[in-house]
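Tertiary structure, described
One letter stands for each residue in the lines below.
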2 protein chains.
Amino acid sequence: MLELIQDDGGVTVSSEQLARRGHTTAAQVRKDLSHFGSFGKRGLGYSVDELRDRLRIILGLDRVWRVILVGAGRIGSALFEYPDFKKRGYDCVAVVDSDPAKIGEKWGERVIRPAEELESLIKELHAALVILAVPASAAQLVAERSVNAGVRGILNFAPVQIQVPEDIPVENVNLVMELEALSFQITRALTP
Amino acid sequence: MLELIQDDGGVTVSSEQLARRGHTTAAQVRKDLSHFGSFGKRGLGYSVDELRDRLRIILGLDRVWRVILVGAGRIGSALFEYPDFKKRGYDCVAVVDSDPAKIGEKWGERVIRPAEELESLIKELHAALVILAVPASAAQLVAERSVNAGVRGILNFAPVQIQVPEDIPVENVNLVMELEALSFQITRALTP
DNA sequence: ACTTTCTTGTGAATCTTTTCACAAGCGGCT
DNA sequence: AGCCGCTTGTGAAAAGATTCACAAGAAAGT
Ligand SMILES: NC(=O)c1ccc[n+]([C@@H]2O[C@H](COP(=O)([O-])OP(=O)(O)OC[C@H]3O[C@@H](n4cnc5c(N)ncnc54)[C@H](O)[C@@H]3O)[C@@H](O)[C@H]2O)c1
Ligand SMILES: NC(=O)c1ccc[n+]([C@@H]2O[C@H](COP(=O)([O-])OP(=O)(O)OC[C@H]3O[C@@H](n4cnc5c(N)ncnc54)[C@H](O)[C@@H]3O)[C@@H](O)[C@H]2O)c1
């Protein structure tokens, strides 16, 4: 949001303006920011540039994160070609698949590597994150292998709840469940 | 989860078992369910079949939801080919794109329709949901047009917060932000 | 019929998040 | 310099979510 405001030439922004854009309240914006420090100027609001930079540091975005993509299927290829990842500091350093027909295929600058190399690739390329784009049946095993090889976080597209040590953060993307959330809200509005 | 338990031949399940699988607590499971009624048997747990059916009704999954996909790009095509949507009751009744090179292309049984037909397709096919898989710059306009044509909910993949009437639920999928959530948690663990 | 073993459903207690509301501070204007 | 119009940062209050803890009910064994 702050980058969009920068593009529009905004120099300062108030908690009220951020709240309107972000679908929340001004008090919430201020309270949230106050957990990390004090970034604004009374009477003026926040400097867009400064707040952006501070948040980037807080979020850990002031470095490049090396990512390995596991599963070169439909969703994997869409993700691989998505330019925003690179632009936002996420560098896909390897793509791995278990299908012999896919191994060796060239994707841009990368060649699809066999699944057995997962551990060695994580170690050699110092990948901190993996994206799991494999069938649900393979997800738990791939997650365990990744964690054992030293990965620090997992973005999981498979519709299963994977079990990993609790110091390894996992973010789940479950698109069916997103649609179900819409169905629920629509249904509930009809039968209150 | 209940369907996985069914497949494994489970007949009853306790709140404790559900909690372990779902990464939560037994009290939470029971309290959440209690908001919708009383589905279990003391000493036994929940009937897997019955709880599944009751939840399907609560979530509004006891019908087919007609969905229109807007944007036949990388993520759009991955979604279109994802078999779980159909399997879970979400029927993609039309695909729409603004690119003349894509209009008319055949995707399985569907033909990509021009973006101008969005409103008429929503009305004629009685689509309740749209999936926005268009560039961020187009998302707000497509959302407004969809709502005006009678859509009831929106699944938005564009990395912008769209503004629609508050009785229209919107679910956002922002993959960069998911990675950023991982970066934040990893970074925070390093500097407590 | 009675005891034992489980597990639910739910008030009450606790913990967390959000909202309120206002003193304090900044910049511009006279 | 002094006043005015804004906006932050933050304690205190209110609202909301989670956890505790236990009476009550169900099955199974004796
Ligand atoms: N396609 C979508 O839009 C979509 C949406 C949401 C979630 N998902 C989920 O994402 C996952 C992948 O979906 P998809 O549609 O891309 O499926 P896909 O079948 O097109 O791709 C999966 C790929 O993973 C590879 N693979 C299988 N086991 C592997 C292993 N052990 N190691 C490495 N690679 C392995 C397969 O060879 C295949 O190339 C699934 O869990 C699916 O439920 C897909
Ligand atoms: N590719 C990914 O993995 C990915 C991941 C997350 C989010 N996204 C987001 O999803 C959206 C689509 O991404 P993509 O990678 O598929 O892009 P893309 O460019 O491959 O596809 C976008 C499609 O939308 C069409 N389009 C543009 N304006 C339109 C309009 N007004 N009406 C109908 N169709 C229109 C284009 O012709 C194109 O076919 C973007 O907002 C992107 O940020 C993509």
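None of these values were measured; they are calculated from a predicted model.

This part is about the protein's contact with DNA strand D. The environment of DNA strand D is formed by 20 residues, the closest being A:Ser15, A:Arg30, A:Ser38, A:Gly40 and A:Tyr46. The sugar-phosphate portion of DNA strand D accounts for 60% of its atoms within 4 Å of the protein, the bases making up the rest. Within the backbone of A:Gly43, one N or O atom sits 3.0 Å away from a sugar or linking oxygen of DNA strand D. Those elements that provide at least two residues to the surface near DNA strand D are helix H3 (26–34), strand S2 (40–41) and strand S3 (45–47) of chain A together with helix H3 (26–34) of chain B. In terms of residue class, the surface near DNA strand D is made up of 3 nonpolar, 10 polar and 7 charged.

This paragraph deals with the sheet that holds strand S4 (residues 65–70) of chain A. All names here are of chain A. In space, the 7 strands of this open sheet follow the order S6-S7-S5-S4-S8-S9-S10, with mixed pairing throughout. The open sheet terminates on both sides in strands that have one partner only, identified here as strand S6 (106–107) and strand S10 (170–172). Of the strand pairs in this sheet, strand S9 (residues 153–156) and S10 are connected by 3 bridges, and their pairing is parallel. Within the sheet, the bridge partner assigned to Leu 155 lies in S10 and is Glu 171. Of the strands in this sheet, S4, strand S8 (129–132) and S9 are in contact with helix H8 (residues 136–148), which crosses S8 at around 170 degrees.

Moving on, we get to the site of ligand 1. In the vicinity of ligand 1 lie 24 residues, with A:Ile75, A:Asp97, A:Lys102, A:Val134 and B:Tyr82 positioned nearest. Chain contributions to the surroundings of ligand 1 come from chains A and B. At 2.9 Å, a side-chain N or O of A:Arg74 approaches an oxygen atom of ligand 1. Contact distances for ligand 1 include 2.5 Å between an oxygen atom and a side-chain N or O atom of A:Asp97.

What follows is about the interface of chain A and chain B. In this assembly, 51 residues from chain A lie in contact with 50 residues from chain B. Linking chain A with chain B are 2 salt bridges, by the criterion used here. Residue B:Glu180 pairs with A:Arg88 through a salt bridge whose shortest N-O separation is 3.4 Å. Within the residue set of the side of chain A that touches chain B, elements represented by two or more residues are helix H2 (15–22), helix H4 (48–59), helix H5 (74–80), helix H6 (83–87), S9, S10 and helix H9 (175–190) of chain A. In terms of residue class, the side of chain A that touches chain B is made up of 31 nonpolar, 10 polar and 10 charged.

Here we come to the sheet that holds strand S8 (residues 113–114) of chain B. All names here are of chain B. Strand order across the open sheet formed by 6 strands is S8-S5-S4-S9-S10-S11, with parallel pairing between neighbours. Since the sheet does not close on itself, it has two edges, and those belong to S8 and strand S11 (170–172), each with one partner. Contacting strand S4 (65–70), strand S5 (90–97), S8 and strand S9 (129–132), helix H7 (residues 118–125) runs over the sheet at an angle of about 170 degrees to S4.

Here we come to the relation of the copies chain A and chain B. With an axial shift of 0.0 Å and an RMSD of 0.1 Å, the rotation relating chain A to chain B amounts to 180 degrees. Expressed as an axis order, the relation between the two copies is that of a two-fold axis. Most of the interface of chain A is mirrored in chain B: 96% of its interface residues are interface residues there too.

The environment of DNA strand C is made up of 20 residues, and the closest members are B:Ser15, B:Arg30, B:Ser38, B:Gly40 and B:Tyr46. Taking all atoms of DNA strand C within 4 Å of the protein, the share assigned to sugar and phosphate is 60%. A distance of 2.8 Å separates a phosphate oxygen of DNA strand C from a polar side-chain atom of B:Ser38. Contact distances for DNA strand C include 2.8 Å between a phosphate oxygen and a backbone N or O atom of B:Gly40. Among the elements of the structure, H3 of chain A together with H3, strand S2 (40–41) and strand S3 (45–47) of chain B are those that each provide at least two residues to the surface near DNA strand C. Here the surface near DNA strand C is composed, by residue class, of 3 nonpolar, 10 polar and 7 charged.

Surveying the vicinity of ligand 2 reveals 24 residues, the closest of which are A:Tyr82, B:Arg74, B:Asp97, B:Lys102 and B:Val134. Ligand 2 sits at a junction of chains, with neighbouring residues supplied by chains A and B. Between B:Arg74 and ligand 2, the recorded distance is 3.0 Å, taken from a side-chain N or O atom to an oxygen atom. A distance of 3.0 Å is found between an oxygen atom of ligand 2 and a backbone nitrogen or oxygen belonging to B:Ile75. Protein burial of ligand 2: of its 820 Å² of free accessible surface, 86% is covered by the chains. Listing elements by their share of the shell around ligand 2, those giving two or more residues are H5 of chain A together with helix H5 (74–80) and helix H8 (136–148) of chain B. In terms of residue count, the dominant contributor to the shell around ligand 2 is H8(B) (3 residues). Across the shell around ligand 2, the residue classes break down as 17 nonpolar, 3 polar and 4 charged.

Rules used in this analysis
- Residues numbered from 1 in each chain as written.
- Chains lettered and ligands numbered in written order.
- Predicted model: local features only at pLDDT ≥ 70, side-chain atom pairs only at ≥ 80, totals over all residues.
- Heavy atoms only, no water.
- Near = heavy atom within 4 Å.
- Polar contact = N/O pair within 3.5 Å; in protein donor to acceptor, adjacent residues only side chain to side chain.
- Helix = DSSP H or I, 4+ residues; strand = E, 2+ residues; numbered from the N terminus.
- Nonpolar A, V, L, I, M, F, W, Y, C, P; charged D, E, K, R; others polar.
- Pairing = 2+ DSSP bridges.
- Contact = heavy atoms within 4.5 Å.
- Axes fitted to C-alpha atoms, helices over the stretch in contact; angles between N-to-C directions.
- Salt bridge = Lys/Arg side-chain N within 4 Å of Asp/Glu carboxyl O.
- Least-squares fit on C-alpha atoms with pLDDT ≥ 70 in both.
- Areas by Shrake-Rupley, 256 points an atom, 1.4 Å probe, with all protein chains shown as cover.

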